[in-house]
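Listed here are the chains, written in short residue letters.
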Amino acid sequence: MANKDYYNILGVSKSVNQDEIKTAFRKLAHQHHPDKGGDADKFKEINEAYQVLGNKEKRQQYDQFGSNFNNMGGGGFDFSGFQNGGFSGANVNFEDLGDLFGGFGDMFGFSGRSSGRRESPSRGDDIEAILIIDFKEAVFGAEKEILLDKYLKCDHCRGNGAEPGSKINTCSTCKGSGRVFRVQRTIFGSMQAEAICPNCQGEGKAYSQKCTKCKGHGIYKGQDKMKLKVPAGIDEGEAIRLSGRGNSGVKGAPAGDLILRIRIKPSTEFKRVGYDIYSRIIINVKQAILGDKIDVKTVHGLVVLKIPEGTQSGTKFKIKGNGVTKLRGGGQGDHLVEVVVNIPKGLSKKDRKVLEEIKL
Ligand SMILES: [Zn+2]
Ligand SMILES: [Zn+2]
């Protein structure tokens, strides 16, 4: 993995403070957001840079060791596979459902991600992927089962990185403390800065033999099959965050989160706007003139609609309820049906005669 210049990516100098990094990131994230026509790769790069520089401890490590200091992190996950196909399976358990938030706009505020939980430098990375669901699954909710490529805790060494049975020694770099000190020369004189030991990643131990399965990282790239519940009412672009279901952390560190952004396959019969559903129905001239009772198909089944006499083509009728269940409670949206009057062509002589006698 090439050593990336994260400062350059965010367009800041090495001397800026954390707030300035945040400001620069927000500005760039807005500018390059894929939803606003930005380049997804550039956006990912900006994100990656901020994941490191936005965190004081990670930034310090980066300053010292460059972007490879945590090379089991970021770039390893193959995001592209999900973009193309999405998940084919489907499945959510409400307990698994962390917080829901409207669109990625909120998410990339990042306040939730960067605060509190990032104290551990080896915490597993979050995984962001797209979950494609059917129109009706979004309306009614669904259980989905997904297969996810991610870093899993190694089952061979139980995550500690040592080949089972091998001897465990004290790390020679940090003498078991898990921390290293380096002397920094600044204009104020020499200062000592503390960082996590790069040799043992803070564990303080060295293993005489590294685990053969995970090469000592304690995690390996594998597949995780998981069930999840998509809540009724979720809409295009909204996301589901599953806490701790992202990449496993190095050597027992907490796992990252899994963030699934929802894409909804369009329906041929219905169109959804918010929690309301729209459809169209064709009636004949006689029904339009005289009125009638017709069956209208809604997502909840057939509903009888009374067409009043003298209904104009293009008239919309609201069927109360019968829309999408509101995600955060508060009932359902409505079903709105547009009536289109079909004007017949090529009438028989008899019909024509009858029609000509009618006074309109
Ligand atoms: Zn292992
Ligand atoms: Zn060490």
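Reading guide: rules and limits
Every chain is numbered independently, its residues counted from 1 as its sequence is written. Chains and ligands are labelled by the order in which they are written, letters from A for the one and numbers from 1 for the other. At least 70 in pLDDT is required for a residue's local features to be given in this predicted model, at least 80 for side-chain atom pairs to be given and counted, and no such filter applies to totals for whole chains, interfaces and linings, which use all residues. Computation of side-chain values covers all heavy atoms of the structure but excludes hydrogens and water. Strands here mean DSSP runs of E at least two residues long; helices mean DSSP runs of H or I at least four residues long; both are numbered from the N terminus. Only protein chains enter the accessibility calculation, which uses a 1.4 Å probe; a residue is then buried when its area is under 20% of its type maximum, exposed when over 50%, and partly exposed in between. Shrake-Rupley sampling with a 1.4 Å probe provides the accessible areas, and residues are treated as covered by the protein chains on show and by no other component. Water is not among the atoms examined, so metal sites may look incomplete; donors are the N, O and S atoms within 2.8 Å of the metal, or within 3.2 Å for Na, K and Ca. We call two strands paired when DSSP finds no fewer than two bridges between them. Lines fitted to C-alpha atoms define the axes, with helix axes restricted to the stretch in contact, and inter-axis angles between N-to-C directions lie between 0 and 180 degrees. Just to be clear on terms, a salt bridge is a Lys or Arg side-chain nitrogen sitting within 4 Å of an Asp or Glu carboxyl oxygen.

Trainee: How should the overall build of the chain be read in this particular structure?
Mentor: When helices and strands are tallied, the chain shows 10 helices and 16 strands. When each of the 360 residues of the chain is scored for burial, the buried share is 44%. Of the roughly 19700 Å² that the chain leaves accessible, carbon and sulfur atoms contribute 50%.

Trainee: Explain the environment of Tyr50 here, please?
Mentor: Note on placement: Tyr50 falls in helix 3 (residues 40-53). Given the relative accessible area of 6%, Tyr50 is considered buried. Distance in space between the C-alpha atoms of Tyr50 and Ile21 is 7.7 Å, their sequence separation being 29 residues.

Trainee: When you look at the coordination of the zinc ion (ligand 1) in this model, what are you seeing that I'm missing?
Mentor: For a metal with four donors in a tetrahedral arrangement, the ideal angle between donors is 109.5 degrees, while six donors in an octahedron ideally sit at 90 or 180 degrees. Looking at the zinc ion (ligand 1), one finds its protein donor set to be Cys154 (SG), Cys157 (SG), Cys211 (SG) and Cys214 (SG), positioned 2.2 to 2.3 Å from the metal centre. Taken in chain order, the donor set of the zinc ion (ligand 1) reads C-x2-C-x53-C-x2-C. Of this pair, Cys157 sits in the loop between strand 3 (142-153) and strand 4 (168-170) while Cys211 is found in the loop between strand 7 (205-207) and strand 8 (219-230), placing the two residues 54 residues apart along the sequence. Neither residue differs from the other here; Cys157 and Cys211 are each classed as buried.

Trainee: I would appreciate a short explanation of unusual backbone geometry in the present structure.
Mentor: When glycine is set aside, most residues are seen to have a negative phi, and most peptide bonds are trans. Backbone geometry places Arg158, a non-glycine residue, at a positive phi of 55 degrees. The topology assignment puts Arg158 in the loop between strand 3 and strand 4. Even without glycine at this site, Lys215 takes up a positive phi of about 60 degrees. Structurally, Lys215 can be placed in the loop between strand 7 and strand 8.

Trainee: What's the story with the pairing of strand 5 (residues 179-186) in this structure? I'm lost.
Mentor: Along any regular strand, the residues point their side chains to alternate faces of the sheet. As paired strands, strand 5 and strand 6 (residues 189-196) are joined by 8 bridges and run antiparallel to one another. Considered in strand 6, the bridge of Arg179 is made with Ile196.

Trainee: Please clarify how the sheet that holds strand 11 (residues 271-273) should be interpreted in this entry.
Mentor: Note on sheets: strands pair through backbone hydrogen bonds, and any given pair is parallel or antiparallel. Strand order in this open sheet of 4 strands is 11-12-16-15, and the pairing throughout is mixed. Looking at the sheet topology across the chains shown, the edges are occupied by strand 11 and strand 15 (316-325). Strand-to-strand twist of the sheet, defined as the mean angle between neighbouring strand axes without regard to direction, takes the value 35 degrees.

Trainee: How should the pairing of strand 10 (residues 258-264) be read in this particular structure?
Mentor: Most of strand 10 is tucked away: 6 of the 7 residues are buried. Sheet topology note: the strand 2 (residues 127-133)/strand 10 ladder contains 7 bridges and is parallel. Bridge pairing links Ala129 to Leu260 in strand 10.

Trainee: Would you mind showing me how to read the pattern of salt bridges here?
Mentor: Pairs can form between side chains of opposite charge once their charged atoms are near each other. Under the defined criterion, the tally for this structure stands at 18 salt bridges. The shortest N-O distance in the salt bridge between Asp126 and Arg123 comes to 3.1 Å. Taking the shortest distance from any N to any O, the salt bridge between Glu145 and Lys225 comes out at 3.4 Å. Of this pair, Glu145 sits in strand 3 while Lys225 is found in strand 8, placing the two residues 80 residues apart along the sequence.

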